[in-house]
Amino acid sequence: MRHIKWSNPIEVGFAQDRFQVVTGPSEALSCMANLWPDRRGPLYVAARSLCRAAIDGRKSAEEAREMFISATREARLKMH
């Protein structure tokens with residue numbers, strides 16, 4: 001698996017004011033699998049798909065980043 005970095009990391013807030021810095025699609029997938037709240041809608045599904053595609057080289061890392069941001073908004077997570 002390729003480890004791709006985003007141009008700008010994203011700091012996402014999860015339970016108990018715990019923030020996680022996400023630097024690329026691999027870390028985004030890990031957050032979605034392990035830290036994500038139960039609120040998992042269509043943007044969550046799209047973000048997982050785009051992150052996998054970016055890792056495989058089928059989509060850009062920045063496309064995956066934008067969709068991950070959309071998924072965090074859908075889940076009402078805090079971002080810094």
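As annotated in an unreviewed UniProt entry, the chain carries the name DUF982 domain-containing protein and is attributed to Rhizobium tropici.

Chemist: Can you walk me through the pattern of salt bridges in this structure?
Modeler: It is possible for side chains bearing opposite charge to pair when their charged atoms get close. If you walk through the whole model with that rule in mind, you get two salt bridges. Residue Arg-58 pairs with Asp-56 through a salt bridge whose shortest N-O separation is 3.2 Å. Considered together, Arg-58 and Asp-56 belong to a single accessibility category, that of exposed residues. Close ionic contact of Arg-65 with Glu-66 constitutes a salt bridge, the shortest N to O distance being 3.3 Å. For Glu-66, a relative accessible area of 44% puts it in the partly exposed group.

Chemist: Would you mind going over the packing of aromatic side chains with me for this structure?
Modeler: We describe a pair of aromatic rings using the distance from one ring centre to the other and the angle between the two ring planes. Per the counting criterion, the structure on display carries four aromatic pairs. Plain terms: the ring middles of Trp-36 and Tyr-44 are 5.7 Å apart, the flat faces sit at 45° to each other, and that makes the pair tilted. Each member of the pair, Trp-36 as well as Tyr-44, is classed as buried. Members of the aromatic cluster, connected to one another through ring pairs, are Trp-6, Phe-14, Trp-36, Tyr-44 and Phe-68.

Thresholds, definitions, all that
The numbering scheme is per chain: residues are counted from 1 as the chain's sequence reads. At least 70 in pLDDT is required for a residue's local features to be given in this predicted model, at least 80 for side-chain atom pairs to be given and counted, and no such filter applies to totals for whole chains, interfaces and linings, which use all residues. Neither water nor hydrogens contribute to the side-chain values; these are computed over all heavy atoms in the structure. Put simply, a salt bridge is a Lys or Arg side-chain nitrogen that is within 4 Å of an Asp or Glu carboxyl oxygen. Note on classification: 1.4 Å probe, protein chains only; a residue is buried when its accessible area is under 20% of the maximum for its type, exposed when over 50%, partly exposed between these limits. Pairing of aromatic rings covers Phe, Tyr and Trp, the last counted by its six-membered ring, and requires centre-to-centre distances within 6.5 Å; plane angles under 30 degrees mean stacked, over 60 mean edge-to-face, and any other angle means tilted.

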